[in-house]
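Letter by letter, the chains look like this.
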Amino acid sequence: MAASKQIDDDATHRFAWDGISFHVPRDWNLSGYSLRRNVSWVRMEDDNTIRLEMEWTRSHRPLDMERVRKRFAAVSKSLTSAGAETHQVDDLPPLWAAFLYSMADGRRLLAAYRFEPGSNFFCFFKLHFESVSLREPPRLIRLIARTFQLHVQDVVPWELFDIGFQLNREFRLVATSFQAGRQLIIFEWRRRKLHLWFISLADMILKDKSMETWCADFLNGFKGIRGPRFSPGDRPGIISARRSRRYPLGQGEEIARWCFRYQAQCANLAAKNQLVLWVFQYREDSDLNRLMLQLGPAAMNVEQGG
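Residues numbered from 1 in each chain as written. Predicted model: local features only at pLDDT ≥ 70, side-chain atom pairs only at ≥ 80, totals over all residues. Heavy atoms only, no water.

Student: Talk me through the sheet that holds strand β18 (residues 261-269); I want residue IDs and the actual numbers.
Tutor: Read across the sheet, 7 strands follow the order β13-β14-β15-β19-β18-β17-β16 without closing on themselves; strand pairing throughout is antiparallel. Here the strands that pair on one side only, and so sit at the sheet edges, are β13 (172-179) and β16 (228-232). Here the average twist between neighbouring strands, direction ignored, is 15°. Both strand β14 (residues 182-189) and strand β15 (residues 192-200) contribute to a ladder of 8 bridges, which runs antiparallel. Within β15, the position partnered with L184 by the bridge is W197. Contacts from helix α4 (residues 211-220) reach β14, β15, β16, β17 (238-243), β18 and β19 (274-282) within the one sheet, and its direction differs from that of β16 by about 165°. (Pairing = 2+ DSSP bridges. Helix = DSSP H or I, 4+ residues; strand = E, 2+ residues; numbered from the N terminus. Axes fitted to C-alpha atoms, helices over the stretch in contact; angles between N-to-C directions. Contact = heavy atoms within 4.5 Å.)

Student: How would you sum up the pattern of salt bridges? Please name residues and give values.
Tutor: Scanning all chains against the criterion turns up 15 salt bridges. For E45, the salt bridge goes to R43, with nearest N and O atoms at 3.5 Å. Between R107 and D105 there is a salt bridge, and its shortest N-O distance comes to 2.7 Å. What you see here is one network of salt bridges that share partners, running through R172, E188 and R257. (Salt bridge = Lys/Arg side-chain N within 4 Å of Asp/Glu carboxyl O.)

Student: Lay out unusual backbone geometry in plain terms, naming residues and giving numbers.
Tutor: We note that N273 has phi near 50°; this positive angle belongs to a residue other than glycine. Mapped onto the secondary structure, N273 falls in the loop between β18 and β19.

Student: I'd like to hear about the side chain of R257, residue by residue, with values.
Tutor: Examined against the element boundaries, R257 turns out to sit in helix α5 (residues 252-257). A relative accessible area of 8% places R257 in the buried class. In this structure the side chain of R257 is engaged in a polar contact, spanning 3.0 Å, whose partner is the backbone oxygen of R191. With residues near it in sequence (within four places) discarded, R257 still touches E188, R191, R192, K193, Q281 and R283. (Buried < 20%, exposed > 50% of the residue type's maximum accessible area, 1.4 Å probe, protein only. Polar contact = N/O pair within 3.5 Å; in protein donor to acceptor, adjacent residues only side chain to side chain.)

Student: Explain the state of the cysteines to me, using residue names and the numbers behind them.
Tutor: Per the counting criterion, the structure on display carries 0 disulfides. Free cysteine: C266, not disulfide-bonded; nearest cysteine sulfur from C215 at 3.9 Å. Assessed through its relative accessible area of 5%, C266 is described here as buried. (Disulfide = S-S within 2.5 Å.)

Student: Tell me about the nonpolar core, and name the residues and values.
Tutor: Residues F22, L52, M54, F125, I141 and F148 are the most contacted members of the largest nonpolar core, which totals 52 residues. Residues contacting F22, with those up to four places away along its chain left out, are H13, R14, F15, M44, L52, M54, F125, I144, T147 and F148. The next biggest cluster of nonpolar side chains, apart from the first, holds 21 residues, and it includes W197, W214, C215 and I225. (Core = buried A, V, L, I, M, F, W, Y, C linked by side-chain atoms within 4.5 Å.)

Student: Requested: an account of the packing of aromatic side chains, with residues and values cited.
Tutor: Evaluated as defined, the whole model comprises 24 aromatic pairs. Between W96 and F148, the ring centres sit 5.5 Å apart and the planes meet at 80°, which makes this aromatic pair edge-to-face. With W96 in strand β7 (residues 96-102) and F148 in the loop between α2 (136-147) and β10 (149-150), this residue pair connects regions lying 52 residues apart in the sequence. Overall, the relative accessible area of 0% leaves F148 in the buried class. Linked through ring pairs, F15, W17, F22, Y33, W96, F121, F125, F148, W158, F165, F187 and F198 together constitute an aromatic cluster. (Phe/Tyr/Trp six-rings, centres within 6.5 Å; stacked < 30°, edge-to-face > 60°.)

Student: Tell me what's going on with the sheet that holds strand β9 (residues 121-129), and back it up with residues and numbers.
Tutor: Across a sheet, strands are paired by hydrogen bonds formed along the backbone, either parallel or antiparallel in direction. With antiparallel pairing, 7 strands are arranged side by side in an open sheet as β3-β4-β5-β9-β8-β7-β6. Each edge of the open sheet carries a strand with a single partner, namely β3 (29-34) and β6 (85-88). The sheet shows a mean angle of 15° between the axes of neighbouring strands, taken without regard to direction. The sheet contact formed by strand β5 (residues 50-58) and β9 spans 7 bridges and is antiparallel. Within β9, the residue paired with E55 across the bridge is F124. On the sheet, helix α1 (residues 65-80) packs against β5, β6, β7, β8 (108-115) and β9 and is oriented at approximately 175° with respect to β8. Sheet contacts for α2: β5, β7, β8 and β9; angle to β9, the most-contacted strand, approximately 150°.

Student: For the pairing of β17, give the residues involved together with the corresponding values.
Tutor: In terms of strand pairing, β16 meets β17 through 5 bridges, oriented antiparallel. Residue P232 lies in a different strand from β17, and its bridge partner there is I239. Hairpin geometry of β16 and β17 is characterised by an intervening segment of 5 residues between the two adjacent antiparallel strands and by a positive phi of about 85° at G237. Bridging between β17 and β18 involves 2 bridges; their strand directions are antiparallel. Bridging across to β18, I239 finds its partner in A264.

Put into structure tokens, the structure is as follows:
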């Protein structure tokens, strides 16, 4: 199959998640996920339908090629038995393999994997297409493969929708709440807990209140954190947390986690008209050094995918 023109990077955005990142078309966004100990999964959709599914695993020991072949063969058999026409995709970076399956009704599915012999990491992609030319699916998997990165440093990037940050890789994602104009992401590390909000339209929110006052009021009304009472701090971007009279000995979750201390801060990202607010529930001062939360450009100390 002849190589097609490379997709313009301006028409894409980077998706970074759980120590992995790659570029996808600008209108593809996260619509579902599952993070488990053995196999993790994400799904992306555009405005109309599902476009991408990705599974990956990080094993405690190197994976064998036979296991990879069996996983791929199972997908291939189900498609070819349904009458799909098969094309192998060429011009991919090393470690990558991909096959395009074309159905009689015009739908196409591209299955691809990245595997390095002796590695403990393996990922598998399925790209879904309704009615496109034979050139479009190879262009998209080449984009993903060309931009794919495994982030191996202590601080890893997270990028999705219009938000981006970096965090210590030891913090594990446990929950999200993605609402229009307000995204909440919750992480844990050894019973410590981080709530991280990205809130749009900061200029409207801060018309009548200071950033610190608005954020303190917001936190006092948030039912997910019941232990402390929040108030504006003595410095810009700082929010104070003091023991609530309702829980003089600690609230139930605080006691269960044995974490009674809080660091709360906020920032106004003027370029994005976005308010960022975070609360770290922790146990001792040394825990603050583990957070490594950064709102700047994504870290680039990575292992390349090609």
